[in-house]
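Close look at the chain arrangement
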Amino acid sequence: MRQGIAELRASGLVEVMAGRGGFVRSPHSRPSLTRPRGVRREPNGRYVEADGIRWTNAEEPTATRTDAPVALADLLRVPPGEPLFTYDVLQTAEGSPLRQLHRTYVPFSVLVGTRFEEEPPPPAPELYEALSALGHELHFTEHVRTRMPLPDQAEALRLPDGVPVLQLLRVTRDSDGRPLALEELHLPGNDLELTYPL
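What this report covers is the structure whose coordinates are included nearby. What you see is a predicted model, and the numbers here were worked out from it, not measured in a lab.

**Considering the overall build of the chain**
The number of helices and strands found in the chain is four helices and 13 strands. Taken across its 198 residues, the chain has 40% of its residues classed as buried. For the chain, the proportion of contacts with a sequence separation of at least 24, taken over those separated by at least 6, is 58%. Of the roughly 11,400 Å² of accessible surface on the chain, 52% is carried by carbon and sulfur atoms.

**A few points about the layout of surface pockets**
Considering only enclosed or pocket space, the largest pocket measures out at about 620 Å³ in volume. Taken together, 30 residues make up the lining of the largest pocket; nearest its centre are Arg-46, Tyr-47, Ile-53, Trp-55 and Pro-125. At the level of elements, strand 4 (39–41), strand 5 (47–49), strand 6 (55–57), strand 8 (83–93), strand 9 (99–107), helix 3 (126–133) and strand 12 (179–188) are the ones that each hand at least two residues to the lining of the largest pocket. Classifying every residue of the lining of the largest pocket gives 13 nonpolar, six polar and 11 charged.

**Re the environment of Ala-58**
Within the secondary structure layout, Ala-58 lies in the loop between strand 6 and strand 7 (62–67). On the basis of relative accessible area, Ala-58 is assigned to the partly exposed category, the value being 46%. Placed 31 residues apart in sequence, Ala-58 and Val-89 show a C-alpha to C-alpha distance of 7.4 Å. Excluding residues within four positions of it along the chain, Ala-58 makes contact with Leu-90, Gln-91 and Thr-92.

**A short note on unusual backbone geometry**
Going from Ala-124 to Pro-125, the amide bond is cis rather than trans, its omega being 10°. Inspection of the secondary structure puts Pro-125 in the loop between strand 9 and helix 3. If you check the backbone angles, Arg-77 has positive phi at about 55° while not being a glycine. Its place among the elements puts Arg-77 in the loop between helix 2 (70–76) and strand 8. Since its relative accessible area comes to 56%, Arg-77 is described here as exposed. Although it is not a glycine, Arg-158 adopts a positive phi angle of roughly 60°. Here Arg-158 lies in the loop between helix 4 (151–157) and strand 11 (165–173).

**Overview of the nonpolar core**
Among the nonpolar cores identified, the biggest contains 14 residues, and Val-106, Leu-111, Leu-127, Tyr-128, Leu-131, Leu-138 and Leu-180 are the most heavily contacted of them. Elements with a contribution of two residues or more to this core: helix 3 and strand 12. When residues in this core are grouped by element, the largest group, four residues, is from helix 3. Those residues in contact with Leu-111 that sit more than four places away from it in its chain are Phe-85, Val-106, Phe-116, Glu-117 and Pro-121.

**Topic: the packing of aromatic side chains**
Under the criterion given, the structure shown has four aromatic pairs. Taking the centre distance of 5.5 Å and the plane angle of 70° together, the rings of Tyr-47 and Tyr-128 count as edge-to-face. Within this pair, whereas Tyr-47 is found in strand 5, its partner Tyr-128 is found in helix 3, the two being separated by 81 residues in sequence. Overall, Tyr-128 belongs to the buried group, its relative accessible area being 2%. Between Tyr-128 and Phe-140 the ring centres are 5.0 Å apart and the planes differ by 70°, which places this aromatic pair in the edge-to-face class. Note that Tyr-128 is positioned in helix 3 and Phe-140 in strand 10 (residues 139–147), a separation of 12 residues in sequence. Phe-140 gets classed as partly exposed once you look at its relative accessible area, which sits at 26%. A network of ring pairs unites the aromatic residues Tyr-47, Tyr-128 and Phe-140 as a single cluster.

What counts and what doesn't
- Residues numbered from 1 in each chain as written.
- Predicted model: local features only at pLDDT ≥ 70, side-chain atom pairs only at ≥ 80, totals over all residues.
- Heavy atoms only, no water.
- Helix = DSSP H or I, 4+ residues; strand = E, 2+ residues; numbered from the N terminus.
- Buried < 20%, exposed > 50% of the residue type's maximum accessible area, 1.4 Å probe, protein only.
- Contact = heavy atoms within 4.5 Å.
- Areas by Shrake-Rupley, 256 points an atom, 1.4 Å probe, with all protein chains shown as cover.
- 1 Å grid on protein atoms, 1.4 Å probe; cavity = no way out; pocket = protein on both sides within 12 Å on 5 of 7 lines; lining within 4 Å.
- Points joined across faces, edges and corners; volume = space filled by probe spheres on them.
- Nonpolar A, V, L, I, M, F, W, Y, C, P; charged D, E, K, R; others polar.
- Core = buried A, V, L, I, M, F, W, Y, C linked by side-chain atoms within 4.5 Å.
- Phe/Tyr/Trp six-rings, centres within 6.5 Å; stacked < 30°, edge-to-face > 60°.

Next comes the structure, spelled out in structure tokens:
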């Protein structure tokens, strides 16, 4: 019996809540949180998420220098291995238990000839304002995938066994379509849906 329940949990079909018992996850139930996706610019020049959620960093963003991974180099239109500024941060939603892992990539080649050759650019969303100040007109595209989380992602997002993550890849482009930055967001996929205006 225990092995059977464990297999159902690992498959994401059953959720076990301490002190309450086991519950079957319905494939037809409505999610408790719906998030409209998009980025908009306010009259003061600040960029904000369309869903209006205020995200708080649970820790200071970790800045590193990385090389463009093969899987993402294509979206950034850079050769694999090109140097990137990378920021990682765990964020919590104000007034909600929702958490997300947020990673920002900025190719060094985008920053050649700017003040950010000497100092790292800010992480998103402040990055949008910095890119706009450099004269770029920003456009955004998001790619959404689902996959099973890595163990550290499941722990950081507090995911039950068998729950996938939504992986959002947001590419920021200039008016000529040149990629300027890429963000990778991981969110719980068990009780969340995303909506996009078309």
